[in-house]
Structure formats: C-alpha cells, structure tokens
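# Chains, contacts and geometry: an overview
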Amino acid sequence: QVQLVESGGGLVQAGGSLRLSCATSGSILSIVRMEWYRQAPGKQRELVASITRGGTTNYADSVKGRFTISRDNTWNTMYLQMNSLKPEDTAVYYCNLQQLMGYAYWGQGTQVTVSS
C-alpha cells in the first residue's frame, strides 16, 4: 500500500509562485511514473505534469515554461514548482503514483487559489 500526502497549496496573487510537495510512504517499489493533476470547480481533472522513472518530464501546454516537476532520488517526495501563476491555475492539485503492476494511488489534494 502506498500513501501520498500533498502540501504547499495556498492563496497567492497572480504572478506569484508556489511549490507543491507530494510525500510518499509505504511500498514505493517499481514506480513507473508520478504525476500532478488538477481539478477546477465544474471541470474534469486534468494532467498537469508527469515524471517517469527515468526522469523524463512532460507538461500540459497550459503550464509549459511556468511549472517544473521534480522528485528526489528515492521517490520519497515529488515537487511541482509553479511560477507566474494565473487565476486559471486555481484548482485542487493532486499527486498520482503508478507502479509497474498497474496499481495507481492518489493523494487527498491541496488547494491552490490564484487571485487576480
């Protein structure tokens, strides 16, 4: 079993920055990738950024150049550095972990609110 706990969300003005963290615990073996998703009110959950076991990163077009995903070497913590935040970035941000056997886990989410 794997547990994920997000932190670092909050209220920030447009143009500001936040750094989200996703702490992992439990049986974090055979990780394929970890991802950040977000869900705004009334909208579907969307993929924001991903990082693979080999370190390859991908980003949604809407956040390219502004957000950076990273992790520590032991997969204990994953990060999302968010710069130049916009009101449309307002959402609950979730981390997701996927293992080789097809198991996937979600955190409880952290709220990010960007004021204009």
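See the structure shown above.
An account of the accompanying structure is given in this report.

Basis of the calculations
Residues numbered from 1 in each chain as written. Predicted model: local features only at pLDDT ≥ 70, side-chain atom pairs only at ≥ 80, totals over all residues. Heavy atoms only, no water. Buried < 20%, exposed > 50% of the residue type's maximum accessible area, 1.4 Å probe, protein only. Helix = DSSP H or I, 4+ residues; strand = E, 2+ residues; numbered from the N terminus. Pairing = 2+ DSSP bridges. Axes fitted to C-alpha atoms, helices over the stretch in contact; angles between N-to-C directions.

The next thing to look at is the pairing of strand E5 (residues 46-52). Across the seven residues of E5, five count as buried, placing the element largely inside the fold. Of the strand pairs in this sheet, strand E4 (residues 31-39) and E5 are connected by six bridges, and their pairing is antiparallel. Its bridge partner being in E5, Trp36 is matched across the sheet by Ala49. Hairpin remark: E4 followed by E5, antiparallel, with six residues in the connecting loop; positive phi at Gly42, about 75 degrees. Hairpin remark: E5 followed by strand E6 (residues 57-59), antiparallel, with four residues in the connecting loop; positive phi at Gly55, about 95 degrees.

A sheet is described by the order of its strands in space; here four strands give the open sequence E1-E3-E8-E7, paired in antiparallel fashion. In this open sheet, the two strands that pair with only one neighbour each are strand E1 (2-7) and strand E7 (67-71). The average undirected angle you get between the axes of adjacent strands in this sheet is 15 degrees. Note: E1 against strand E3 (residues 18-26), six bridges, orientation antiparallel. Within the sheet, the bridge partner assigned to Leu4 lies in E3 and is Thr24.

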